[in-house]
Amino acid sequence: MRFSIPFFLAASLLFAACNKDDVITESAKQVPIIELDSQTGIYSVKVGRELTIAPLYRNAEGAVYAWTAEGRLLSSEPVLRYTWEQEQEIYLKLRVDTAEGYAEEELKVEVAELTPPVISLVIPSRGLKVMAGTDYVFAPDIRHDDLDDFRIEWIRDGQVVGTDKRYTFNEPAVGTYPIVVRASNIDGQTTCGIDVEVVETMPYEVRFPTPSHTQTSTDRHTFVGRPVCLRPSLEYFDRPQFRWSVDGQPVDGASQQLFRFVPESAGEYRVDVTVTEGASAAQPLTRNILQAAASVTASVRVVCHGATEQERFRAATASSSRLWNKVYEFTPAPGQFINELSSGTGYTGNETTPELAVEYATMRLSKKSHVSLGAFGGCIVVGFDHSIPNSGGEYDFAVQGNAFNSNLGGGSNEPGVVWVMQDVNGNGLPDDEWYELKGSETGKEGTIQDYAVTYYKPAGIRMSVPWTDSEGACGTVDYNAYHAQEYYYPLWVAEESYTLTGTRLSPRNKMDPATGFWGNNAYDWGYVDNMGSDNLSQQTADGSGQRNGFKIANAIHRDGTPADLQYVDFVKVQCAVLAQSGALGEVSTEVFSFEDLSITNNQ
């Protein structure tokens, strides 16, 4: 709010100094007058940039000036020149004192973050490969290109080869060619480097995913009449076209990447998908010879079991526990709690294999201590000593996290998506079909299914972990001063990189500009480690004991249709957000325990 005393005060003093015959009998007091150089009293500046406020003063001879914010003196000069180092909104007060009186003005400063260009250029997860002697137009998505002084340069062999947003690459010789795109605006500069591998033949690839990162079989299991939704992963296709067949027989109308297959009888089925690159139409080599368009075929085995769903149900007994009884997989994404060596986490430094990582998670959960899943895609898989029945609409099981809400800025909500599985093949392992439990964000804009992030092992110790995603973005899981283990990249992941795929939610973390504190706001319902309407326990200051309830009735197929499961045997929780909250680090789901709500004992 702006206010000004001098105009009213000066006017009243002037009239008081005159008698009824308009003869001045006493000189009027000339109190200071402030006229701001902003009509609204609101000023905007970017982080790290100097703000200058230069008001016009009247009756200010010999004045004393004071610019204050929250009781702290910023300057005693007539003109304020000041720089803020973090995004915030702050209210300033300017006071001018003279021997005749004083004047005050209140004004607002909005300090906005710097917005240098953000370059997004989607690259295949296995690198960019192009055909020799062929034009390829690179047209990255660039944010903040509307700011002043925007420039872009394409650099090859140290030379600028283009200054437009689109760059055409054509190289006849096979080899690898580094390209750098550099974009800048008034707020800063961003560079993005890519290696372009020129090949004689494109290495098109089609493959079906496994149920988890640690498994190798792509077999799919189902019951008679239950759909299996098949969706292959593709590499290097630009305009893919799909043809599906079952046991060698083409399926009419099946021309999309997602194929819903419903076996009508028990047995094994071979499902093939042939993917053709639509951009490479058939080319005539001679009048009599036609070169076909590039295509790749991949197969997957679908096993339809003769047992009924109810026959696979494992009923609870008098000795059954309401709690989980086994951890089958612990594959976190990189994060500040991964590999942390301290008595509080339980890591010993020997977790160099997936089996030892499972032992670590088992030990932690058995004490109801937190297990961090790291950044997006990190997951844990547990099972029970019985099947959890579908109650028909009530909460069937619960997962403990440590979310809490706060009046100081959103609290801490780090959502994890829940997946469930039945032991269809009866082998006691989570190698069947995963079904996502829908939540409040399912189907909303900003929610991405089949979102994939590839994490790369850093080159040295105490370094941030680079990542790229399926949307063309890149970034890092930042190393910070609060968790000083050598690597945030899981020590038991032997590969130099690994990819995690799942459902991503739009992040809801933000910094309070008034306090500088980061908060992670809650989602409505359907997620672990989240203060939604499905919260089953009373909130405490630190979130201890916080639990979310989940309904088996919310299980869906990959195409979004209801799965109609009578029970589940395995539960997977997967971190659903890829975001950083300043010094607090990455948003990472944390779990403490899993329990079947149909059992009332305390085991």
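Conventions and cut-offs
- Residues numbered from 1 in each chain as written.
- Predicted model: local features only at pLDDT ≥ 70, side-chain atom pairs only at ≥ 80, totals over all residues.
- Heavy atoms only, no water.
- Core = buried A, V, L, I, M, F, W, Y, C linked by side-chain atoms within 4.5 Å.
- Buried < 20%, exposed > 50% of the residue type's maximum accessible area, 1.4 Å probe, protein only.
- Helix = DSSP H or I, 4+ residues; strand = E, 2+ residues; numbered from the N terminus.
- Contact = heavy atoms within 4.5 Å.
- Pairing = 2+ DSSP bridges.
- Axes fitted to C-alpha atoms, helices over the stretch in contact; angles between N-to-C directions.
- pLDDT = per-residue confidence, 0-100.

**Student:** Explain the nonpolar core residue by residue, including any values.
**Tutor:** Counting residues in each nonpolar core, the largest one holds 50 residues, and the members touching the most others are Ile 380, Phe 397, Val 420, Tyr 455 and Phe 594. Ranked by residues supplied to this core, first place goes to helix H2 (residues 354-366) with five residues. When residues no more than four places from it in sequence are discounted, the contact partners of Ile 380 are Val 327, Glu 329, Phe 330, Ala 361, Leu 365, Val 371, Leu 373, Val 571, Lys 572, Val 573, Val 591 and Phe 594. Counting residues in hydrophobic clusters, the runner-up holds 25 residues, among them Tyr 43, Val 45, Ala 63 and Leu 80.

**Student:** Could you give an account of the sheet that holds strand E37 (residues 465-469), with specific residues and numbers?
**Tutor:** Read from one edge of the open sheet, four strands run E38-E37-E36-E39, paired in antiparallel fashion. The open sheet terminates on both sides in strands that have one partner only, identified here as strand E38 (474-477) and strand E39 (497-504). Within this sheet the neighbouring strands show an average axis-to-axis angle of 30°, counted without direction. Bridging between strand E36 (residues 448-456) and E37 involves three bridges; their strand directions are antiparallel.

**Student:** Quick rundown of the confidence of the model for the protein chain? Include the residues and the values.
**Tutor:** Detailed reading of the predicted coordinates is not advisable wherever pLDDT falls low. In this model, the protein chain carries a mean pLDDT of 89, and residues with pLDDT of at least 70 account for 89%. Within the model, pLDDT remains below 50 along residues 1-26, and this stretch shows 35 contacts once partners closer than five positions in the same chain are excluded.

**Student:** So what about the pairing of strand E8 (residues 88-98)? Which residues, and what values?
**Tutor:** Consecutive residues of a regular strand have side chains that alternate between opposite faces of the sheet. Side chains Gln 88, Ile 90, Leu 92, Leu 94, Val 96 and Thr 98 project from E8 onto a buried face, and the interleaved Glu 89, Tyr 91, Lys 93, Arg 95 and Asp 97 project onto a face without burial. By the bridge criterion, five bridges tie strand E5 (residues 64-69) to E8 in an arrangement that is antiparallel. Residue pairing for E8: Trp 67 is matched across the bridge by Leu 94. Where E8 lies against strand E9 (residues 101-112), 11 bridges are found, and the strand directions are antiparallel. Across the sheet, residue Thr 98 finds its bridge partner in E9, namely Gly 101. Linking E8 to E9, which pair antiparallel, is a turn of two residues.

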